[in-house]
Amino acid sequence: QPGELGADLPFVDLGAGNVPVAISGDRGLTCAILGDGRLKCWGFNVAGVLGLGVKGDVGLNPGDMGDDLPFVDLGANAVVTQVALGNPSCALLAGGAVKCWGGDNLHGELGLGMVASVEPVTSLAHSMVGIWASSHDITKTYLPEQFFYP
């Protein structure tokens with residue numbers, strides 16, 4: 001619609017001092033990797049895919065965004081280098097560790113060696129260099145020897 005884009009389009013408020021360096025989105029959910037390596041996610045929160053420990057969508061109501069939007073808790077000193085959103089969502093951390101969360105894990109898509117839903121973020125023990133996820137219960141991780149460098 002006229003008057004909705006350009007100078008009229010508001011900025012997404014990620015909170016004071018939080019500067020995004022990368023953004024990822026999938027079917028109604030969005031995450032921003034911040035300059036300090038932390039992660040903020042908002043949008044459609046089916047099965048905990050935002051990793052915020054809350055039920056329901058985030059970003060619809062006043063007070064959802066900005067400094068009130070929590071960081072995804074990936075552990076002390078975790079530095080996110082990539083994020084793949086879907087059902088589940090996964091983050092690639094500096095050093096190659098992968099942490100995945102959300103979804104129903106009916107097909108083992110969290111990589112935990114069991115079929116159970118997990119809201120607290122869990123970790124895979126392999127060193128990864130890339131990740132990809134979709135909203136169709138598929139998560140792909142890439143070991144260094146499998147990754148294609150263009």
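Whatever comes next refers back to the structure up there.
Described below are features of the structure shown in this document. All of these numbers come straight from a predicted model, not from anything done at the bench. Here the residue numbers are simple positions, counted from 1 along each chain's written sequence. Owing to the predicted nature of the model, reporting of local features is limited to residues with pLDDT of at least 70; listing and counting of side-chain atom pairs is limited to 80 or more, with chain, interface and lining totals taken over all residues. The side-chain quantities take in all heavy atoms of the structure and omit both hydrogens and water.

For this text, the term disulfide refers to a pair of cysteine sulfurs within 2.5 Å. Using the criterion set out here, one finds two disulfides in the structure. Each sulfur of the disulfide joining C31 and C41 lies 1.9 Å from the other. Note on the C31 and C41 pair: the S-S dihedral is about 110°, so by sign convention the disulfide is right-handed. Of this pair, C31 sits in strand 2 (residues 29-34) while C41 is found in strand 3 (residues 39-43), placing the two residues 10 residues apart along the sequence. C41 sits in the buried class, given a relative accessible area of 0%. Two residues, C90 and C100, share a disulfide whose sulfurs are 2.1 Å apart. Handedness here is read from the sign of the S-S torsion; for C90 and C100, about 105°, the answer is right-handed. Here C90, found in strand 5 (residues 89-93), pairs with C100, found in strand 6 (residues 98-101); they are 10 residues apart in sequence, far enough to count as distant. Remark: exposure states derive from per-residue accessible area (1.4 Å probe, protein chains only) relative to the maximum for the residue type, with buried under 20%, exposed over 50%, and partly exposed in between. Take C90: its relative accessible area is 1%, and that puts it in the buried class. Judged by relative accessible area, C100 falls into the buried class, the value being 2%. When the cysteines engaged in disulfides are numbered in sequence order, the protein pairs them as 1-2, 3-4. A run of H or I in DSSP becomes a helix once it reaches four residues, and a run of E becomes a strand once it reaches two; helices and strands are each numbered from the N terminus.

Remark: nonpolar core denotes a set of buried residues (Ala, Val, Leu, Ile, Met, Phe, Trp, Tyr, Cys) joined through side-chain atoms within 4.5 Å. Within the largest apolar cluster, 24 residues are counted, with the highest numbers of intra-cluster contacts made by L39, W42, L69, V72, L74 and V80. Secondary-structure elements contributing two or more residues to this core are strand 2, strand 3, strand 4 (80-84) and strand 5. For this core, the element with the most residues is strand 2, which contributes five residues. Non-local contacts of V80, meaning those with residues more than four positions away in its chain, are made with I33, G37, L39, L74, A91, L92 and L93. If you look at the next biggest cluster of nonpolar residues, it comprises five residues, including C90, L92, V98 and L110. Contacts are residue-level and defined by heavy atoms, with any inter-residue pair within 4.5 Å sufficient.

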